[in-house]
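Given next are the chains, with one letter for each unit.
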Amino acid sequence: MSTAVLPDALPATSLEVRLAAYPDPEGEVTLDHFAMGESELSEPGEGQVVVRNDWMTLGSVARDQMNPATKLPIPVFQPGVAMWGRTVGTVVRSSSPDLAVGDLVEHFSGWRQYAVGSAQEFFRRDRDLLPGPEYFLSQGPTAWHGMVDTVGAGEGETVFVSGATNGVGALAGQIAKLRGAKRVIGSTGSREKIDFLVKEIGFDAAFDYHDGPVAEQLAELAPDGLDVVFDNVGGEQFEAAVRLANRGARFALCGALAGQHGGDGGSPRLPLMTAISRDLSFRGFATLHTPDQIDGWNERFGAWLREGRIVFPHTVVDGGVEALPQAFVDLLRRRYSGTVLVKLS
Ligand SMILES: NC(=O)c1ccc[n+]([C@@H]2O[C@H](COP(=O)([O-])OP(=O)(O)OC[C@H]3O[C@@H](n4cnc5c(N)ncnc54)[C@H](OP(=O)(O)O)[C@@H]3O)[C@@H](O)[C@H]2O)c1
C-alpha cells in the first residue's frame with residue numbers, strides 16, 4: 001500500500017496565490033496579475049480537516065475565470081482572494097469521522113499550500129488505484145465524456161482531435177484508438193508537439209496549424225474523410241473539419257481555444273447545406289465531473305495503465321506554490337504538452 005509522509009507540526013501560515021487584478025479580457029496575463037499572500041492556519045474545527053496540497057493541475061480554463069464576463073458555467077476569481085482549482089493532497093489533521101490523517105483527497109482549494117474546510121469538500125481517493133496521486137488530476141473524465149458518451153467514437157473510424165497535445169486532447173485521441181479507431185489525426189502548434197503525438201502517444205498522424213491552411217493539411221492526412229471530430233479549438237480548424245466530414249459524421253464540441261481568450265475563432269462559419277445534406281451532428285458538452293464520471297474514469301485509467309495500453313501525457317513543474325503564477329503564464333504561452341501538473345509539496 002502507498003503511504004504519505006506527514007508533517008509533525010502544522011505551520012502557522014499557509015502561502016497562497018491571489019488574483020491581484022483582472023487582466024484585459026483579450027490581453028496577455030503577466031505575473032503582475034497575481035499576488036502572493038499568507039493566511040493563518042489553525043487546527044480544524046468540528047467536522048473539518050486540514051489538507052496539505054501535494055499537486056495541482058493548471059488549464060487555460062483559469063484564464064476564463066479571470067474574466068468576469070466569461071460564458072463558462074463556473075465561478076470567476078475575485079481580486080484579493082486566493083484562486084482555486086483542481087488539486088490533490090493529504091489530510092494532515094482531521095476532526096471529522098469521514099476522513100483520517102493520511103487519506104489522499106481531491107478537491108478544488110488549490111493555489112495554496114494548505115486547505116482547511118468541511119470534510120464534505122474533500123473527496124477521498126484510493127492511493128493504490130493509480131501510479132501516483134497526480135494521476136487523479138488527469139482530464140480523462142472530460143476526454144471520455146466527449147469521445148464516448150457524446151459521439152461514441154468506434155471501430156474503424158477516422159477521428160480528428162484539434163488541440164491534440166493538451167490534457168483533454170491527448171487522452172481523447174488515445175481513447176479513440178483504444179475503441180478501435182482506424183486512424184486518429186491531431187493538430188498542434190509545433191514540430192516537437194507533432195513528434196510527441198505520433199511517436200509517444202500513438203496518434204497516426206499530426207500537423208502544425210501554423211504550417212499552412214488547415215483544410216489542405218487535414219485533407220492530405222485524412223484521404224478517407226472524417227467520421228468523428230473532437231474539437232478543442234473552433235475557428236479555422238472546425239471549418240476545415242466540416243469540409244472533410246463524411247456522411248453522418250459526429251462532432252464533440254469541447255472547447256473553443258481559438259476564441260476563448262481573444263481572437264475570433266469562437267464563432268466559426270457552418271455551411272448549413274453541407275451539414276444538412278451530409279447528416280452531420282454537432283454536440284457541445286460540459287462535463288459535470290459527477291462521482292460516476294470520475295470513479296468510472298479512474299478505474300478504467302488504472303486498468304489501462306497497468307496493462308500498458310495508455311500513457312498519461314503530462315508535464316511536471318516543480319517549485320511549489322511560488323511556481324504557480326509563472327507556470328500559468330507559460331501554459332498560456334503554449335509551452336507545455338499534456339496535463340500541466342505543479343508539484344506543491
Ligand atoms: N467541455 C468540457 O467539459 C471541458 C472540460 C475541460 C476543458 N475543456 C476545454 O478543453 C480545451 C482543452 O483544455 P485543457 O485544459 O486540456 O488544455 P489547455 O490548457 O486549455 O490547452 C493549452 C494548449 O492548447 C493549445 N492552444 C491554446 N490556444 C490555442 C489556439 N488559439 N489555437 C489552437 N490551439 C491552442 C496550445 O497547444 P498548441 O501548442 O498545440 O497550440 C496550448 O498548449 C479547452 O478549450 C478547455 O476549455 C472543456
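What you see is a predicted model, and the numbers here were worked out from it, not measured in a lab.

*Asks:* Could you clarify how one ought to interpret the site of the ligand in this entry?
*Replies:* Taken together, 26 residues are adjacent to the ligand, and Ser60, Thr188, Lys193, Tyr209 and Thr287 come closest. Residue Ser60 places a side-chain N or O atom 2.3 Å away from an oxygen atom belonging to the ligand. Here the ligand has 920 Å² of accessible area as a free molecule, and 88% of this is covered by the chains. For the shell around the ligand, the secondary-structure elements that each account for two or more residues are helix H3 (167-178) and helix H7 (257-260). Here the shell around the ligand gets three residues from one element, more than from any other, and that element is H7. Residue composition of the shell around the ligand, grouped by class: eleven nonpolar, 13 polar and two charged. Residue-level mapping places the shell around the ligand at the junction of two domains, with at least three residues from each of domain 1 (13-138 + 314-343) and domain 2 (140-284).

*Asks:* What should I look at first to understand the packing of aromatic side chains in this one?
*Replies:* Within a pair of aromatic rings, the relevant descriptors are the distance that separates the centres and the angle that separates the planes. According to the stated counting rule, one finds 16 aromatic pairs in the structure shown. Between Phe160 and Phe207, the aromatic rings sit 6.0 Å apart at their centres with planes inclined by 20°, giving stacked as the arrangement. You can see Phe160 sitting in strand E8 (residues 158-161) and its partner Phe207 sitting in strand E10 (residues 205-208), a full 47 residues away along the chain. Between Phe238 and Phe282, the aromatic rings sit 5.8 Å apart at their centres with planes inclined by 50°, giving tilted as the arrangement.

*Asks:* Before we go on, may I ask you to explain the UniProt feature "domain: Enoyl reductase (ER)" (unreviewed entry) in the chain in this structure?
*Replies:* As annotated by UniProt and renumbered to match this structure, "domain: Enoyl reductase (ER)" (unreviewed entry) occupies residues 29-342. With 29% helix and 25% strand, the stretch residues 29-342 has end C-alpha atoms that lie 18 Å from each other.

*Asks:* Honestly, the sheet that holds strand E12 (residues 245-253) in this entry has me stumped. Any pointers?
*Replies:* Hydrogen bonds between backbone atoms are what pair the strands of a sheet, whose relative direction is either parallel or antiparallel. In spatial order, the strands read E10-E9-E8-E11-E12-E13; together these six strands make up an open sheet with parallel pairing. Taken across any chain shown, the strands that pair with only one partner, and hence form the sheet edges, are E10 and strand E13 (281-284). Strand-to-strand twist in this sheet, taken as the mean axis angle between neighbours without regard to direction, amounts to 15°. Direction of pairing for strand E9 (residues 183-188) relative to E10: parallel, over a ladder of four bridges. Residue pairing in the sheet places Ile185 in a bridge with Ala205 of E10. Against the sheet, helix H4 (residues 191-200) contacts E9 and E10, and its axis sits at roughly 170° relative to E10. Across the sheet, helix H5 (residues 214-221) lies against E8, E9, E10 and strand E11 (226-231), angled at about 165° from E10, the strand it touches most.

*Asks:* Before we go on, may I ask you to explain helix H6 (residues 235-244) in this structure?
*Replies:* Structural remark: α-helix, 3.6 residues per turn; residues separated by three or four positions point the same way. Burial runs high along H6: eight of the ten residues are buried. Considered for burial, the residues of H6 that qualify are Gly235, Gln237, Phe238, Glu239, Ala240, Ala241, Val242 and Leu244.

*Asks:* Looking at this structure, how should I read a negative patch on the surface?
*Replies:* Taken together, the side chains of Asp126, Asp128, Asp292, Asp295 and Glu299 define an acidic patch exposed on the protein surface. Its location among the elements puts Asp126 in the loop between strand E7 (123-125) and helix H2 (140-150).

*Asks:* So what exactly am I meant to see when it comes to the pattern of salt bridges here?
*Replies:* For side chains of opposite charge, pairing can occur when their charged atoms come near one another. Enumeration over the complete set of coordinates arrives at 16 salt bridges. Taking the shortest distance from any N to any O, the salt bridge between Lys199 and Asp195 comes out at 3.8 Å. On the criterion of helical spacing, the pair formed by Lys199 and Asp195 is a turn pair, its members being four residues apart in helix H4. On the basis of relative accessibility, which here comes to 66%, the residue Lys199 falls in the exposed class. A residue is classified by how much of its surface remains accessible, and Asp195, at 24% relative accessible area, is partly exposed. If you follow the salt bridges from partner to partner, you end up with Arg86, Glu106 and Arg125 in one network.

*Asks:* Help me understand the environment of Ala286, please; the structure alone is not making it clear to me.
*Replies:* Inspection of the secondary structure puts Ala286 in the loop between E13 and helix H9 (291-306). Along the primary structure Ala286 and Gly266 are separated by 20 residues, whereas in three dimensions their C-alpha atoms are 16 Å apart.

The rules behind each value
- Residues numbered from 1 in each chain as written.
- Predicted model: local features only at pLDDT ≥ 70, side-chain atom pairs only at ≥ 80, totals over all residues.
- Heavy atoms only, no water.
- Near = heavy atom within 4 Å.
- Polar contact = N/O pair within 3.5 Å; in protein donor to acceptor, adjacent residues only side chain to side chain.
- Areas by Shrake-Rupley, 256 points an atom, 1.4 Å probe, with all protein chains shown as cover.
- Helix = DSSP H or I, 4+ residues; strand = E, 2+ residues; numbered from the N terminus.
- Nonpolar A, V, L, I, M, F, W, Y, C, P; charged D, E, K, R; others polar.
- Domains from an automatic or database assignment.
- Phe/Tyr/Trp six-rings, centres within 6.5 Å; stacked < 30°, edge-to-face > 60°.
- UniProt positions renumbered as here; feature names shortened; annotations may be inferred.
- Pairing = 2+ DSSP bridges.
- Axes fitted to C-alpha atoms, helices over the stretch in contact; angles between N-to-C directions.
- Contact = heavy atoms within 4.5 Å.
- Buried < 20%, exposed > 50% of the residue type's maximum accessible area, 1.4 Å probe, protein only.
- Patch = residues over 30% accessible without salt bridge, like charges linked within 9 Å, V, L, I, M, F, W, Y side chains within 5 Å.
- Salt bridge = Lys/Arg side-chain N within 4 Å of Asp/Glu carboxyl O.
- Lys, Arg positive; Asp, Glu negative; His and termini not counted.
- Charge placed at Lys NZ, Arg CZ, Asp CG, Glu CD.

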